[in-house]
Amino acid sequence: MPQIKPPASATPTVRGTTELILTVANPIAQVMAPQALNLIFSRFDVDAVCVPIWINEQQFDSFVTSALVAGNVRGMLVSIPHKTRLTKLLDRVDAAARLAGAANAVRRSGDAALEGALFDGSGFVGALRHHGVDLAGRRALLLGAGGAGLAIASALASFSDGPVQLAVFDTAVERASHLVEVLKTVPSVRTSAHVATSNDPSGFDLVINTTPLGLNANDPMPFDPLRLERSATVIDILMKSQPTPIERACLDRGIRAFSGHEMMVQQIPDYLDFFGYDTVAKELRQADHPAMRSVRSAMSGRGHAA
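The rules behind each value
Residues numbered from 1 in each chain as written. Predicted model: local features only at pLDDT ≥ 70, side-chain atom pairs only at ≥ 80, totals over all residues. Heavy atoms only, no water. Buried < 20%, exposed > 50% of the residue type's maximum accessible area, 1.4 Å probe, protein only. Helix = DSSP H or I, 4+ residues; strand = E, 2+ residues; numbered from the N terminus. Pairing = 2+ DSSP bridges. Phe/Tyr/Trp six-rings, centres within 6.5 Å; stacked < 30°, edge-to-face > 60°. Lys NZ or Arg CZ within 6 Å of the ring centre and 35° of its normal. Core = buried A, V, L, I, M, F, W, Y, C linked by side-chain atoms within 4.5 Å. Contact = heavy atoms within 4.5 Å. Axes fitted to C-alpha atoms, helices over the stretch in contact; angles between N-to-C directions. Left-handed = near helix turned anticlockwise from the far one by under 90°. Nonpolar A, V, L, I, M, F, W, Y, C, P; charged D, E, K, R; others polar.

## So, the pairing of strand β10 (residues 206-209)
Moving on, step 1. Burial along β10 is two-sided: the residues L206 and I208 and V207 and N209 are all buried.
Moving on, step 2. Examined bridge by bridge, strand β7 (residues 139-143) and β10 share four bridges and lie parallel to one another. Counted as the bridge partner of L141 is V207 from β10.
Moving on, step 3. Note: β10 against strand β11 (residues 233-236), four bridges, orientation parallel. Looking across to β11, one finds that I208 is bridged to I235.

See the structure below:
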């Protein structure tokens, strides 16, 4: 277990003893976990770095199994579009990953098995609390029924103060139907879920975009912002240094809109626990820890939210 020392400089030093956390995605430019984790490692003088790796779908399987053989690779974070594919390589998964059929973290255990976990759902609920979004008795529309969408839907539907109704839309109707059916198998679900026939946000209190629309400059809007209720809240889980087009459209109308930055920030202590840095994770869970404030500032460069 690495020793925690007083806060150090913000620039990590790489040595022969340095442990690696890899972050894998396609594309990779939008991924911010390396920036966040390296800030934390530097602050606590942990001899570890997080490195971004750009891997396409054809290379993914062989890269994961090969990279995790290395003795100084502590584990890997996985982002778009690999979360679902990752589960096919795993020997063991946590309950959230099993339910969603997706994982965003993997490590090699002492018996050489690949273990995976999914923290998107808990991160999303933590972000809602951070932003002061009240869900009790509200209606929510979820756009996108992939791994992240299922993790978020499960967390929302099981939340004690969650929405009374959850509508799920995906351009692939069968994926939305599958998500709704999966939710019916979760004993703790308190929310009524159904497949939405369109992406129309009218009448909903919370609209969540889990699709990749907005990642590229020429992407269409995930929904028509002019159809939003004035009192609605929008969360686009994409993380970009500037607001996505749908965020900007909401802000122009005076509608509350948040990016995915806080959802990722909320997962940092879980990542650290998973990779064995539990002492750091415990300290970061203290209320309003200055290191977490530093991460939030570094992540967006535009404040916490709109």
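## Concerning unusual backbone geometry
Moving on, step 1. The omega angle of the peptide bond from N26 to P27 is 0°, so this bond is cis rather than trans.
Moving on, step 2. Along the chain, P27 turns up in the loop between β1 (19-25) and α1 (33-43).
Moving on, step 3. The residue after I80, namely P81, is reached through a cis peptide bond having omega 0°.
Moving on, step 4. Residue position: P81 is located in the loop between β3 (73-78) and α3 (83-87).
Moving on, step 5. Unlike most non-glycine residues, D45 shows phi in positive territory, near 55°.
Moving on, step 6. Residue placement: D45 occurs in the loop between α1 and β2 (48-54).
Moving on, step 7. Phi is positive for D288, close to 55°, though the residue is something other than glycine.
Moving on, step 8. Relative to the elements of secondary structure, D288 occurs in the loop between α10 (278-284) and α11 (290-300).
Moving on, step 9. Given a relative accessible area of 54%, D288 falls into the exposed group.

## Points about the packing of aromatic side chains
Moving on, step 1. Counted under the stated rule, the structure contains four aromatic pairs.
Moving on, step 2. Ring geometry for F119 and F274: centres 5.9 Å apart, planes at 75°, overall edge-to-face. Of this pair, F119 sits in the loop between β6 (114-117) and α5 (120-131) while F274 sits in helix α9 (residues 261-274), placing them 155 residues apart in sequence. Summarising the burial analysis for this pair, F119 and F274 share the class buried.
Moving on, step 3. Taking the ring centre of Y277 as reference, the NZ or CZ of R74 above it sits at 4.6 Å.
Moving on, step 4. Against the face of F204 rests R139, its NZ or CZ located 4.6 Å from the ring centre.

## What about the nonpolar core?
Moving on, step 1. In terms of nonpolar packing, the biggest core is built from 52 residues, with M76 and F124 touching the most fellow members.
Moving on, step 2. Counting residues per element, this core draws most heavily on helix α6 (residues 147-158), at eight residues.
Moving on, step 3. For F124, the contacting residues outside a window of four places in its chain are I152, L156, I208, I235, I237 and M263.
Moving on, step 4. If you look at the next biggest cluster of nonpolar residues, it comprises 35 residues, including F41, L77, Y277 and M299.

## So, the packing of α6 against helix α7 (residues 173-184)
Moving on, step 1. Orientation of α6 relative to α7, taken along the N-to-C sense of each, is 40°, at an axis distance of 10 Å. Considering the relative orientation of α6 and α7, their crossing is right-handed. Across the interface between the two elements, G149, L150, A153, S154 and A157 from α6 touch H178, L179, V182 and L183 from α7.
Moving on, step 2. Partitioning the contact of α6 with α7 into residue classes produces six nonpolar, three polar and no charged.

## Focus on the sheet that holds β10
Moving on, step 1. The strand order β9-β8-β7-β10-β11-β12 describes an open sheet built from six strands, whose pairing is parallel. Every interior strand has two partners, whereas the edge strands, β9 (192-195) and β12 (256-258), have only one. Looking at each pair of strands side by side, their axes are set apart by 15° on average, direction ignored.
Moving on, step 2. Examined bridge by bridge, strand β8 (residues 165-169) and β9 share four bridges and lie parallel to one another. Note that in β9 the partner of Q165 across the bridge is S192.
Moving on, step 3. In the packing of α6 onto the sheet, the strands contacted are β7, β8 and β10, and the crossing angle to β7 comes to about 165°.

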